[in-house]
Amino acid sequence: MERYESRVGPDGRAVVRVPWRGPALLAHSMYNKSTAFTREERETFGLNGLLPSAVSTMEQQARRVYGNIVRKTDALERYIGLAALHDRNEILFFRVLADHLEEFLPIVYTPTVGRACQEYSRIFRRAHGLWITPEHRGRVREVLADAPFEDVRLIVVTDNESILGLGDQGAGGMAIPVGKLALYTAAAGIHPAHTLPISLDVGTDNQALLDDDLYLGWRHPRLRGDAYDALVDEFVEGVRSLFPRALLQWEDFRKGNAVALLERHRDRLPSFNDDMQGTAAMAAAGVLASGRASGTAPPDQRVVILGAGAAGVGIARLLQSALRAAGVEGEALFRALALVDIQGLLLEEPAIEPFRRGLGWPAELARQAGLRPGGPQDLLAIVRALRPTVLIGVSGAAGAFREEVVRAMAEAVERPAIFPLSNPTSQAEATPGDLLRWTDGRALVAAGSPFDPVSIGGRTVRIGQGNNAFIFPGVGLGTLVAEARTVTDGMFAAAAARLAELVSAEDLAAGSLFPPVSQLRRVTTQVAEAVVRQVLSQGNGRALRDDEVAPAVAAMQWEPAYPVLEPAGNA
Ligand code: NAD
């Protein structure tokens, strides 16, 4: 592993020591400046004959590559173009991403990243991140030590089994940790040398991949049971010993595993699961913001969540604990929150899966509400019976918010808040345009994927994107700045509350429950500060005075600009 050695030079610019020269320096994505190497650097590092004569500014380079990328009309081609830039010149990649975040977020992240996962073994150019397979059992620490840089602070790891709404994508799932870490750098400013994407490639049960001769993953059925747990344990121990300052983000694990892994490891090292906790905080922020728009106090909301999987259970748990903190208890707590899965309303019965425990309704309460517990109920019957003020879709069931369901909801409440969050776009429970039409423009809509504005009743409604990217970069940055030993639910609740406050009156007036994605960096900074303050109040991190919080967050935020390079002793 290489040490990334950076210090602040006399003119305030970063100075980085580089152990490479000549073609090896040009091939190193972290140090390569390509045509922006200065005349002096070309001299010092043996690059004189290796570059065309003109020295470009970073702004010129950014303009050149941006032009090359937007010339491509297909989103996957744009993804490939951006990934190639990432492979050649990381700093320029992050400059371009930061400057065009709203335009490129749907490329490096959902929805296009979903296609990139599916096509991974066909569009593969260059490996990125670390791969751990069952063949590494007994020497996972050694494999982790292959990481390019030694001071790893942030790891995103997936076992590829539940990628977006697309299921088991095998080795292709790696595009998700790569994309999420790119967002950490673009939104939170975490330096890329501190980040490490990891695939726990434990095989795949996706037969089409196993049958594909170009498939790049470990070509076996999924490892399960004790052998799987032992591999993950070894991985976590390796991370703890090799990267003691790192925060670990679990990503796109199947629902049962997601909960079990988080519970098992969350006190061993700072870690969280974005699908559950990040989604939960994002949705909770949406509920709070919808309450601001409709004038409904949080304890008066009635929330129905379609899909009791990893995301739905995570949302329900966070909302439940927020309600408890607001003094809501007993029957009122159930009435405020209902989970619905394929069988209908989730009931607290002996056979309920452990990860859903505590979230099901008592059968008697369902009966009182006019539902036949145990009988088949469709969403329409449930909406009629419970009259929700908020309807959240995390089922992956495209079109599940049918017209009659939405009309029934809108009959009972003036401003129904409806969040079809399932990704990618094709899986959304409804389109924002339909939701607004079926409710005469009264619905407060937030979607999981980006949607164009909708014209209705002579006005244009901006569709807020309920994107976890408003939460996880700030939680991650706040955790690192505060040096929190664990990532608590309270930190996510603080992030949600801050995000909801950051939705401006203009956003709400334009119909949006989230700030525009162009504000991501500013939002992330504020969310991170709220998270640090929460850690301070919990006392599970380092000691900081309140007035030290904002400077400490700012100090960890890197701006993509070329540093001055100086040769290390062996260059
Ligand atoms: P999951 O597989 O863990 O859960 C999905 C659940 O929905 C399952 O329990 C399944 O039984 C249930 N379900 C499927 N069809 C249904 C139907 N017709 N009616 C009722 N229930 C149904 O998946 P997950 O990780 O929870 O993700 C679910 C969806 O939410 C995905 O599409 C994902 O992309 C999306 N999601 C969006 C965001 C976001 O927008 N920020 C964040 C996380 C997840």
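For the structure itself, consult the block above.
Residues numbered from 1 in each chain as written. Predicted model: local features only at pLDDT ≥ 70, side-chain atom pairs only at ≥ 80, totals over all residues. Heavy atoms only, no water.

What to know about the overall build of the protein
When you go through the protein residue by residue, the secondary structure sums to 25 helices and 17 strands. In summary, the protein has a C-alpha radius of gyration of 24 Å against a globular reference of 25 Å for 571 residues, a match within 12%. Along the first, second and third principal axes, the C-alpha atoms of the protein reach 80 × 55 × 55 Å. A burial count over the protein gives 58% of its 571 residues as buried. Once local pairs closer than 6 in sequence are excluded, the contacts in the protein between residues at least 24 apart make up 72%. Of the accessible surface of the protein, which amounts to about 22500 Å², a share of 51% is contributed by carbon and sulfur atoms. For the protein, the distance from the average site of its 59 positive side-chain charges to the average site of its 67 negative ones is 3 Å. (Helix = DSSP H or I, 4+ residues; strand = E, 2+ residues; numbered from the N terminus. Rg over C-alpha atoms; globule rule 2.2 N^0.38 Å. Buried < 20%, exposed > 50% of the residue type's maximum accessible area, 1.4 Å probe, protein only. Contact = heavy atoms within 4.5 Å. Areas by Shrake-Rupley, 256 points an atom, 1.4 Å probe, with all protein chains shown as cover. Lys, Arg positive; Asp, Glu negative; His and termini not counted. Charge placed at Lys NZ, Arg CZ, Asp CG, Glu CD.)

Examining the environment of Lys-255
Counting through the fold element by element, Lys-255 comes out in helix H13 (residues 255-265). Sequence spacing of Lys-255 and Ala-311 is 56 residues, and the spatial spacing of their C-alpha atoms is 8.3 Å. In contact with Lys-255, other than residues within four places in its own chain, are Gly-309, Ala-310, Phe-355 and Arg-356.

Considering the pairing of strand E9 (residues 337-341)
Within a regular strand, the side chains alternate between the two sheet faces. For E9, a buried count of four out of five residues is recorded, marking the element as mostly surrounded by other parts of the structure. Alignment of strand E8 (residues 303-306) against E9, held across four bridges, turns out to be parallel. Paired with Ile-305 across the two strands is Leu-339, which belongs to E9. Relative to strand E10 (residues 344-345), E9 is paired through two bridges, and the arrangement is antiparallel. Paired with Val-340 across the strands is Leu-345, a residue of E10. Linking two consecutive strands that pair antiparallel, namely E9 and E10, is a turn of two residues. (Pairing = 2+ DSSP bridges.)

Quick word on the sheet that holds strand E16 (residues 464-465)
The strand order E10-E9-E8-E11-E12-E13-E16 describes an open sheet built from seven strands, whose pairing is mixed. The sheet is open, and its two edges are formed by E10 and E16, each paired on a single side.

Section: the pairing of strand E5 (residues 195-200)
Most of E5 is tucked away: six of the six residues are buried. Across the two faces of E5 the burial is the same, with Thr-195, Pro-197 and Ser-199 and Leu-196, Ile-198 and Leu-200 all buried. Here strand E3 (residues 130-132) pairs with E5 via three bridges, running parallel. Residue Ile-132 lies in a different strand from E5, and its bridge partner there is Leu-200. Relative to E5, strand E4 (residues 154-158) runs parallel, the two being bridged by five bridges. Note on E5: the bridge partner recorded for Val-157 is Ile-198.

Let's talk about the sheet that holds E3
The strand order across the open sheet formed by five strands is E3-E5-E4-E6-E7, and the pairing between neighbours is parallel. Each having just a single partner strand, E3 and strand E7 (271-273) make up the two edges of the open sheet. Across the sheet, the axes of successive neighbouring strands diverge by a mean angle of 20 degrees, strand direction being ignored. Strands strand E6 (247-251) and E7 of the sheet are contacted by helix H21 (residues 472-482), whose axis makes an angle of about 155 degrees with E6. (Axes fitted to C-alpha atoms, helices over the stretch in contact; angles between N-to-C directions.)

Looking at the site of the ligand
What surrounds the ligand is a group of 24 residues, the closest being Lys-255, Ala-310, Ala-311, Asp-341 and Asn-468. Here an oxygen atom of the ligand sits 2.8 Å away from a polar atom, N or O, in the main chain of Ala-311. Ser-422 places a side-chain nitrogen or oxygen 3.5 Å from an oxygen atom of the ligand. Relative to its free-state accessible area of 850 Å², the ligand is covered by the protein chains to the extent of 81%. (Near = heavy atom within 4 Å. Polar contact = N/O pair within 3.5 Å; in protein donor to acceptor, adjacent residues only side chain to side chain.)

A short note on unusual backbone geometry
Put simply, Thr-110 and Pro-111 share a cis peptide bond, and its omega is 10 degrees. Tracing the chain through its elements places Pro-111 in the loop between helix H6 (101-108) and helix H7 (112-118). The residue after Asn-423, namely Pro-424, is reached through a cis peptide bond having omega -10 degrees. By the element assignment, Pro-424 lies in the loop between strand E12 (417-420) and helix H20 (432-438). Phi is positive for Asp-440, close to 55 degrees, though the residue is something other than glycine. Examined against the element boundaries, Asp-440 turns out to sit in the loop between H20 and strand E13 (444-447).

Section: helix H25 (residues 546-555)
What H25 keeps buried is the set Val-549, Ala-552 and Val-553. Projected down its long axis, H25 carries its buried residues within an arc of 95 degrees, all on one side. Those residues of H25 that are exposed and angled more than 90 degrees off the buried face are Asp-547 and Ala-555. The elements touched by buried residues of H25 are H21 and helix H24 (520-538). (Arc of directions from axis to C-beta.)

Some words on empty space enclosed by the protein
Using the criterion set out here, one finds four cavities of 30 Å³ or more in the structure. The computed volume of the largest cavity comes to approximately 270 Å³. Tyr-79, Ala-83, Tyr-120, Arg-125 and Arg-126 are, among the 16 residues lining the largest cavity, the residues nearest its centre. Looking at the lining of the largest cavity, the elements with two or more residues in it are helix H4 (75-88), helix H8 (120-123) and helix H10 (175-188). Looking at the lining of the largest cavity, the element that brings in the most residues is H4, giving six residues. Looking at side-chain class alone, the lining of the largest cavity contains 11 nonpolar, two polar and three charged residues. As a volume, the second largest cavity reaches approximately 80 Å³. Lining of the second largest cavity is provided by Tyr-79, Leu-82, Ala-83, His-86, Phe-93, Val-108, Val-178, Gly-179 and Ala-182. Elements that contribute at least two residues to the lining of the second largest cavity include exactly H4 and H10. (1 Å grid on protein atoms, 1.4 Å probe; cavity = no way out; pocket = protein on both sides within 12 Å on 5 of 7 lines; lining within 4 Å. Points joined across faces, edges and corners; volume = space filled by probe spheres on them. Nonpolar A, V, L, I, M, F, W, Y, C, P; charged D, E, K, R; others polar.)

Concerning the environment of Ala-283
Within the element layout of this structure, Ala-283 appears in helix H14 (residues 274-294). In the structure, Ala-283 is positioned 167 residues away from Pro-450 in sequence and 15 Å away in space, judged by C-alpha atoms. Contact partners of Ala-283, with chain neighbours within four places excluded, come to Ile-315, Ile-392 and Phe-419.

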